[in-house]
Amino acid sequence: MARESAGLAGAAATVRAQVLLLGGSRSARYLREALDALEDSLPDTGRVEFGGLVHLAADNDGRPGRVADALAGFFAPLVSRSARS
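Everything quoted here is computed from the prediction, not taken from an experiment. Numbering of residues starts from 1 in each chain and follows the order in which that chain's sequence is written. Residues qualify for local features only when their pLDDT is at least 70, as the model is predicted, and side-chain atom pairs are given and counted only at 80 or more; totals for whole chains, interfaces and linings, by contrast, use all residues. The side-chain numbers reported here are obtained from all heavy atoms of the structure, hydrogens and water having been left aside.

**Q** Is there a simple way to explain the overall build of the protein in this structure?
**A** Runs of E in the DSSP output that reach at least two residues are strands. Runs of H or I that reach at least four are helices, and both are numbered from the N terminus. Within the protein, the regular secondary structure consists of three helices and two strands. Contacts in the protein between residues far apart in sequence, at least 24 positions, make up 65% of those at least 6 positions apart. By element, 54% of the accessible surface of the protein is carried by carbon and sulfur atoms, the whole surface being about 5900 Å². Contacts are assigned to residue pairs with any non-hydrogen atoms lying within 4.5 Å of each other. In this description, accessible areas are obtained by the Shrake-Rupley approach with a 1.4 Å probe, and a residue is regarded as covered only by the protein chains that are shown.

Shown next, in the form of structure tokens:
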């Protein structure tokens with residue numbers, strides 16, 4: 001995966017939107033490392049790591065409520081600003 005994503009970190013540095021990275025502490029190492037690289041490269045990023053969860057945390061068999069809460073928290077200020085405009 002690292003070879004396939006060569007250059008993505010540089011491209012990520014040009015992203016001007018706010019980005020939220022989500023991952024599970026029990027996800028495969030290569031996925032956690034990819035999030036580390038993105039977090040280091042993206043200029044305006046937040047990151048949530050869900051303790052004890054794997055990559056499929058949002059799946060109905062995982063903990064979709066935890067993922068939904070993180071997304072709601074990320075989008076709430078954006079929606080609020082939009083509503084005031």
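**Q** I keep staring at the packing of aromatic side chains and nothing clicks. Help me out?
**A** Two descriptors summarise a pair of aromatic rings, namely the distance from one centre to the other and the angle between the planes of the rings. Two rings from Phe, Tyr or Trp (for Trp, the six-membered ring) form a pair when their centres are within 6.5 Å of each other. A pair whose planes differ by under 30 degrees is stacked, one over 60 is edge-to-face, and the rest are tilted. A full pass over the atoms with the stated rule returns one aromatic pair. With a centroid separation of 5.0 Å and 80° between ring planes, the pair formed by Phe-74 and Phe-75 is classed as edge-to-face.

**Q** Whenever I open this one, the pairing of strand S2 (residues 45-50) confuses me. Can you help?
**A** Judged from the six bridges that link them, strand S1 (residues 19-24) and S2 form a sheet pairing that is parallel. Bridging from a neighbouring strand, Val-19 pairs with Thr-45 of S2. Looking down the strands as they point away from you, a crossover is right-handed if its path from the first strand over the helix to the second goes clockwise. In the classification by handedness, the crossover that spans S1, the intervening helix H2 (residues 29-41) and the parallel S2 is right-handed. Strand pairing is assigned whenever DSSP identifies at least 2 bridges connecting the two strands.

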